[in-house]
Amino acid sequence: MEETTGDISESAARAASELRVVFSRLRRRFMEVTDRQDLTPSQLSVLSRLSKDGAASASVLAAAERVRPQSMAATLGVLDQRGLIERHPDPEDGRRQLVTMTVLGREYIAGSRQAREEWLARALQDRCTEEERRTVVAALALLDRLTRS
């Protein structure tokens, strides 16, 4: 019989803990692989968010990233200086500016994603058997199911 902590089984608690550790390591490795322009994790996160969501105001970005508006202003300032973003007046509210990615920003994100995927594919190819790769794919389907509930 499986021990439980409160209403969470020992195996579920262990799986959650190990997943967190593995994903943290994976995130660090991704950062190492793509650290081409010395962008901070916060700056990369904003670029990634703009890549997915399109234009956004600084206040919307600050809320999404859970940082103060002053911190977001500093982050956007660096991205702007590097030519990765641009700001335009909001057509619906002239007092506000919308932040969008530049062509250089989109190229940076695309190159970053490609580098991460190539590193991961190579690591899976070199360090795992075909059966282990199938197990990873099956486990990912289970994890995806968790995110959809």
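Below: a short report on this structure.

## Re unusual backbone geometry
And then number 1: Of note in the backbone geometry, Arg-66 takes a positive phi value of approximately 60° without being a glycine.
And then number 2: Looking at where Arg-66 falls in the secondary structure, it is placed in the loop between α3 (58-65) and α4 (69-81).

## Points about the side chain of Thr-102
And then number 1: Mapped onto the secondary structure, Thr-102 falls in the loop between β5 (93-101) and α5 (103-127).
And then number 2: Classification of Thr-102 as buried rests on a relative accessible area of 12%.
And then number 3: A polar contact of 3.0 Å, which involves the side chain of Thr-102, links it to the backbone nitrogen of Gly-105.
And then number 4: Setting aside its immediate chain neighbours within four residues, Thr-102 contacts Gly-83, Leu-84, Ile-85 and Glu-86.

## Some points on the pairing of β5
And then number 1: When strand β3 (residues 56-57) meets β5, the two strands line up antiparallel, connected through two bridges. Residue Ser-57 lies in a different strand from β5, and its bridge partner there is Leu-98.
And then number 2: Bridge analysis of strand β4 (residues 85-90) against β5 gives six bridges, and the strand direction is antiparallel. Note that in β5 the partner of Pro-89 across the bridge is Gln-97.
And then number 3: The loop that links β4 with its antiparallel partner β5 comprises two residues.

## Topic: the pattern of salt bridges
And then number 1: In total, this model carries ten salt bridges according to the counting rule given.
And then number 2: The partner of Glu-65 in a salt bridge is Arg-49, and the shortest N-O contact between them spans 2.7 Å. You can see Glu-65 sitting in helix α3 and its partner Arg-49 sitting in helix α2 (residues 41-53), a full 16 residues away along the chain.
And then number 3: Across the salt bridge formed by Arg-95 and Asp-93, the nearest N and O atoms sit 3.0 Å from each other.

## Details of helix α1 (residues 10-34)
And then number 1: Its 25 residues place the ends of α1 36 Å apart at the C-alpha level, agreeing with the 36 Å of an ideal helix rising 1.5 Å per residue.
And then number 2: Taken residue by residue, α1 has Ser-24, Phe-30 and Thr-34 as its buried positions.
And then number 3: Against the buried residues of α1 lie α5.

Thresholds, definitions, all that
- Residues numbered from 1 in each chain as written.
- Predicted model: local features only at pLDDT ≥ 70, side-chain atom pairs only at ≥ 80, totals over all residues.
- Heavy atoms only, no water.
- Helix = DSSP H or I, 4+ residues; strand = E, 2+ residues; numbered from the N terminus.
- Buried < 20%, exposed > 50% of the residue type's maximum accessible area, 1.4 Å probe, protein only.
- Polar contact = N/O pair within 3.5 Å; in protein donor to acceptor, adjacent residues only side chain to side chain.
- Contact = heavy atoms within 4.5 Å.
- Pairing = 2+ DSSP bridges.
- Salt bridge = Lys/Arg side-chain N within 4 Å of Asp/Glu carboxyl O.
- Expected span 1.5 Å × (residues − 1).

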